[in-house]
Amino acid sequence: MSHDLPKAYDPTAIEDHWAEYWVSEKLFAQPAPTDASEQAEQFSILLPPPNVTGRLHMGHMLNQTEMDILTRWRRMSGRRALWLPGTDHAGIATQMMVERQLVSEGKTRQELGRDAFVERVWEWKRHYGGAILDQMKRLGASVDWQREYFTMDENLSVAVREAFVRLHEQGLIYRGAYIVNWCPRCQTAISDLEVVHDEQKGHLWEIKYPVLGADGKDSSEFLTVATTRPETMLGDVAVAIHPQDERYLHLHGKKLRLPLMNREIPIVLDEWVSLDFGTGAVKVTPAHDPNDFALGERHHLPSINIMDPAGHINSEGGAYAGLDRYPARKKIVSDLEEQGLLAGIKDHTNNVGHCDRCKTVVEPRLSTQWFVKIQPLAEKAIAAVKPGPDGQKAIRFTPEQYEKTYLNWMENIHDWCISRQLWWGHRIPAWHCADCHKITVARLDPAACAHCGSANITQETDVLDTWFSSGLLPVSVLGWPNFAMGAPEPALSLSKGPSPLGTGESTTNRADFDTFYPTSLLVTGFDILFFWVARMIMLGCWFAEDVPMPDGSKRKPEDAVPFREVYIHALVRDANREKMSKTKGNVVDPIEIVKQFGTDAVRITLDSMASPGTDIAFIVARTEGYRAFANKIWNAARFLFMNVDRAAEIGITADPAALGKMPTVGEDAPLEARWIVAELHATAAKVNQSLESYRYDDAANTIYQFFWGSFCDWYLEIVKLRLDFPMDGPAGESASDQASKIEGRRAALTTLVSVFEAFLRLLSPFMPFITEEIWHALYDGNPPARSIALTGYPKSCYAGDTTTIRLKHNYDQSVIEMGVIQNVVTALRSHRKECGVPEKEVVPATVYCTEKDGSLTAGYLASESGRKLCNYLARVDLSLRMEPPPPTEKVRSEVGFAVAIAFEATVDVAAERERLTKEIAKYEKGVAAAERQLGNEAFLAKAPANVVGGLKKQEAETRLLLDKARAALGALPPG
Ligand SMILES: [Zn+2]
Ligand SMILES: [Zn+2]
C-alpha cells in the first residue's frame, strides 16, 4: 500500500487538476428536488454577476472566497446548497468596449447601424465575454455551472419584459420630460449613482441683464446674475428673485432682455431663491438644471433645450449653434465682455459631476425618459428591512450599520429613471404609433397600434437600465415568471412565434422557486448597495408576493424578500491601507499572486483577516506565511503516510471504521490521544460558530492554531513515541505484553489518521485544493465520496456559546494534564537553552514543586507515564522534589514549579582561544578605522552632527567589546 503524494508541494499542478475535475464532474450541480419528500434545509446564494467585460480583481477574490467558504461549509453540513453564477451584460461598459474596437477600425456604431452593432456585441461576447468566470473556475468556486446565466439570455429577457409590462399595467411606469444626468460621450442618460463628483477649480461669471423700460427698450438699469456655466444662458427663460428681497421690490412685474439672444424674459418671484447667495437674482434655465426645471414647472415657463446629445449647441443657440459647449462658453464670455455686459469673473470651486464610465463632465439636460414610480415599491422595500410586528426583520444586514444607510436612502428615494439611450441591452417593449401618437406596451411584439389599429408603429429605441434586469435576478434565475403564467395564456416570447421556453412543463415548473426562494444570503460590496441590493429588494418583494407558497397558500411579505441576509464585505487595500487603484499603481493582481503562492494560500490569507466591517490590508509576506502553512500540512501528510505504510508492512492498520466521522477515544486512551481529540472538538465548535457570524478570521486562525500549535508541535511529537517502539520486546516478554503493545500501536495509528482526516474536512472550505489532494491520497484512491467537499463537516460534541465551549474544554481532564506537560516541557526547553545544553544531549533535570501551589504539576509528574513524556519531549532525565529549590541552585521559575538542569559546560580551550583571537583582531580593526575617520578634519567639517555622534558611539562600543574579549582570552587556562 502506498499513498501517492509527491515529495514537494506544488500547488499549480494540484489546483489545475482539481479545478477541472470539480467542473467536469459537475460536483456542485444542485437541481431542485423532484421528490417533495427529499426534505433538506436549503442554502442558496446568488453570485453578484460580474460584468461580462470584467476581469478578476482582489475584491472579487475576497468576495468569492467568502461565498465559497460559506457554500462549502453549508453543503458539508447537510444543506441543499446552491451557488448560482452568471454574468451581467453591463450596458454602458460593454457598448464602450465594442465602440472602441470599432474606432480602431475607423468605423462608428452609427455607420454600422443598430442591428449590425448589436450582432457585433454578441460576437464580442462569444469571443471574450465571461473570461472572469473561467478565472473563477480556476479558483475552485463551488458554483453550479449547470445554471450559469447571462442577463441577456432569452428566459431572463422574458422576465425583464414581463416585469416592465406588469409595472406599466399597474400604472407604475411612465414616460416624462425630466432633467437627467447626461453623458455627452456615452450619449445616454446615466443614473445619479453613476455620476462621480469631484471638486474642481472654476469660475463664477457675473452677467448683467438689461432691465426693460416701459417702452420695451433697455433702461439704464441691469440685473446681475451669476453662473458657473455661462453657455446655458442661451436657454434662459426667466430670472428669479425672492419676493421679499428689498433690493428688487421695484422690479416686480418687469422684464429683462436676455443678452446675446435678444429675448424678452420675465422676472419671476420665487421663495426658493436664496436672499443672501450672490446677487439674489438667479437665471432660470429649465432644460439644463434640475432646480430650474422645478422652478419652471411652478411658473409654467417653457423649457428651451440648447444642446444636442453630443454636447454641441443646437439651433436654439442662435449664433452659437454647432459649437461644442466649451468653445461656446469662451465665445459667449468674450462677446459679453465686448458688449460691456460682463460684471465680473470670480474664482469658484465647483463640485463637478463626471460620468463614472468615461469621466466626461456630465451635463444636466432635459430629455424624455421612462421612469418607475417608486411608491409603493419602496414602501415594501422599507418594510422588509424594518422589524415586523413580531420584532423580526425579513432581511438582516451584516454589519448592521448598513441597514441604516439603506433605509435612509430608501426613505428619500426618487422615481427611478430606467431608460438608457444605448443599443446594447433590453430594448423597451413599447411601440410608438405614427398615426395616433399613442404608445403600445406589450408582452408580445405587436403588429398594430393597440389604440387605433394602425400598422404604422415603431419600437422605442431606448434600452433598460442594466440594473433593471439585474434587480430581477433573484426571481428570474429561479424561473419567474414563466411558471406563473399558467394555461391558457400564451407562453411568453420576445418575438412573435413559439415560446423560446417551450410550453407545458417548463411553464408550470416551480421546483426551483419553491426550493430556493427566498435565497439565503447575498454577499456583496458596499458600492452596489443602492444600485443593486436596494433594487433587488424592491423588485423581488413586488413580484414574488404574487407567487403562491409551495403549499398553494398566499405568500406573506416576509417570504417575498429576495434574500434573508445581506453580508456587506470589506475592501481589500494595499499593505499601507491605501485603496487599490490603477492610477496609484498599487493594484495586486489576484491571478499573479495565485501563480506565486497557490490559490489555497491566497484564500486563507484573505480569510485570516476577514471579519465584518474591517478592511483588509493585503500584505504579500503574509501569503508567504500561509504558503508555509500549506507546506506544513503537506509534510505532515507525508509523515503520516510513511507511518501508515510502515505499520502496514508489519500487519498493523488503522481502524477504517473510525474514518469520516468525528474521532472519539476511550477514557483509558493515552493522554495525547484524549487531548488531541478534545482539541479537535473544541476547534470544530469554534469554527462552526465563527462561520455563523461571518468571523472568517476567527475560523481560519482557530484551524491554523489547532494544526500548527496542537497537532504538529505536540501531538505528532508524542505520537512518534507510540509508533516507534521496538517490535522485538525485551527477552522474555510475554505474548500478552506483545499483543497489548500491538494494540496500543494500532490505536495510536487510528487516532492519528482519523484526527488528521477530520482536520482535512474542517479545513476543506478554506483550502479546498490541498485538502482534496491529501484526502484522496489518504484513502489511497478509494475514497468514500467523489470529493471531500461532499463529505460531512466536523461537528463538535461541545455545544453552546463560545464561553461554554471554552469552559467545558478547559475542564477536560486531558486538557488539564496536557497543560502540565506543556508547561514543564516548555520551561525545560528554555532552561536548556539558557544553560547552553547541546540540543541532542540528554541531561538530568529536577522539577521543584510545593504542596501549596504545585500539587497539580506534582500529581501528574509523580506518575511514570507523565515523567516519561516529559523526558522524551525535553530530552531530560527527570526527578521530582516536593520542596522549594535550594537558594544556590540555578533554576527557572514558573507558576507552581521551578526547573533545574544538571549541566557543566565543558569548554574546548583551543577552539575558544582561536575564536577570541579572531574577534579581537576584528574589533581592533574597527577601532582603528573609527579613529582614522574621527581624526579627519575635512570629514568632521562636512559631516552632519548626528553622523559624527553615531560614529563616536560606535567607536566606544567597539572598544568595550574589545576589552571584554581581551579579558576573556586572558582568563583562559594555559594550554
Ligand atoms: Zn460617459
Ligand atoms: Zn395608433
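Since the structure is predicted, the reported quantities are computational estimates derived from the model, not experimental observations. (Residues numbered from 1 in each chain as written. Chains lettered and ligands numbered in written order. Predicted model: local features only at pLDDT ≥ 70, side-chain atom pairs only at ≥ 80, totals over all residues. Heavy atoms only, no water.)

Engineer: Give me the coordination of the zinc ion (ligand 1): which residues, what numbers.
Structural biologist: At this site the zinc ion (ligand 1) is bound by Cys 183 (SG), Cys 186 (SG), Cys 355 (SG) and Cys 358 (SG), with donor distances of 2.2 to 2.4 Å. Because the angles between the four donor atoms bound to the zinc ion (ligand 1) fall within 101 to 117°, the donor set is best described as tetrahedral. Mapped onto the sequence, the residues coordinating the zinc ion (ligand 1) show the spacing C-x2-C-x168-C-x2-C. (Donors = N, O, S within 2.8 Å, 3.2 Å for Na, K, Ca; no water. Tetrahedral: all angles 85-135°; square planar, octahedral: opposite > 155°, others 65-115°.)

Engineer: Break down the coordination of the zinc ion (ligand 2) for me, citing the residues and quoting the values.
Structural biologist: Bound to the zinc ion (ligand 2) on the protein side are Cys 433 (SG), Cys 436 (SG), Cys 449 (SG) and Cys 452 (SG), at distances that span 2.2 to 2.3 Å. In this structure, the zinc ion (ligand 2) is surrounded by four donor atoms whose angles at the metal cover 104 to 114°, and the resulting shape is tetrahedral. The sequence pattern describing where the donors of the zinc ion (ligand 2) fall on their chain is C-x2-C-x12-C-x2-C. With Cys 436 in the loop between strand S18 (430-433) and strand S19 (439-441) and Cys 449 in the loop between S19 and strand S20 (457-459), this residue pair connects regions lying 13 residues apart in the sequence. Residue Cys 436 is classed as partly exposed on the basis of its relative accessible area, which comes to 26%. Take Cys 449: its relative accessible area is 5%, and that puts it in the buried class. (Helix = DSSP H or I, 4+ residues; strand = E, 2+ residues; numbered from the N terminus. Buried < 20%, exposed > 50% of the residue type's maximum accessible area, 1.4 Å probe, protein only.)

Engineer: Got a sec to walk through the packing of aromatic side chains? Specific residues and values, please.
Structural biologist: How two aromatic rings sit relative to each other is given by the distance of their centres and the angle of their planes. Within the structure shown, the criterion is met by 36 aromatic pairs. Note on Trp 122 and Trp 424: the rings are 5.3 Å apart at their centroids and 80° apart in plane angle, and the pair reads as edge-to-face. One end of the pair, Trp 122, is in helix H5 (residues 114-128); the other, Trp 424, is in the loop between strand S17 (419-420) and S18, and 302 residues separate them in sequence. On the numbers, 5.4 Å between centres and 40° between planes, the contact of Phe 397 with Tyr 406 is tilted. Across this residue pair, the class does not change: Phe 397 and Tyr 406 are buried. Through a chain of ring-to-ring contacts, three or more aromatic side chains come together here, namely Tyr 626, Phe 629, Tyr 704, Phe 706, Phe 707, Trp 708, Phe 711, Tyr 715, Phe 756 and Phe 759. Above the ring of Trp 22, the side-chain terminus of Arg 72 is found at 4.7 Å from the ring centroid. The ring centre of Trp 423 lies 4.7 Å from the NZ or CZ of Arg 109, which sits over that ring. (Phe/Tyr/Trp six-rings, centres within 6.5 Å; stacked < 30°, edge-to-face > 60°. Lys NZ or Arg CZ within 6 Å of the ring centre and 35° of its normal.)

Engineer: Describe the nonpolar core, listing the residues and the values that go with them.
Structural biologist: Phe 707, Phe 711, Phe 756, Phe 766 and Ile 774 are the most contacted members of the largest nonpolar core, which totals 140 residues. Here Phe 756 is in contact with Ile 633, Ala 636, Ala 637, Leu 640, Phe 707, Phe 711, Ile 774 and Leu 778, once residues within four sequence places are set aside. Formed by 71 residues, the second largest nonpolar core is a distinct cluster that contains Ala 381, Ala 384, Leu 478 and Tyr 517. (Core = buried A, V, L, I, M, F, W, Y, C linked by side-chain atoms within 4.5 Å. Contact = heavy atoms within 4.5 Å.)

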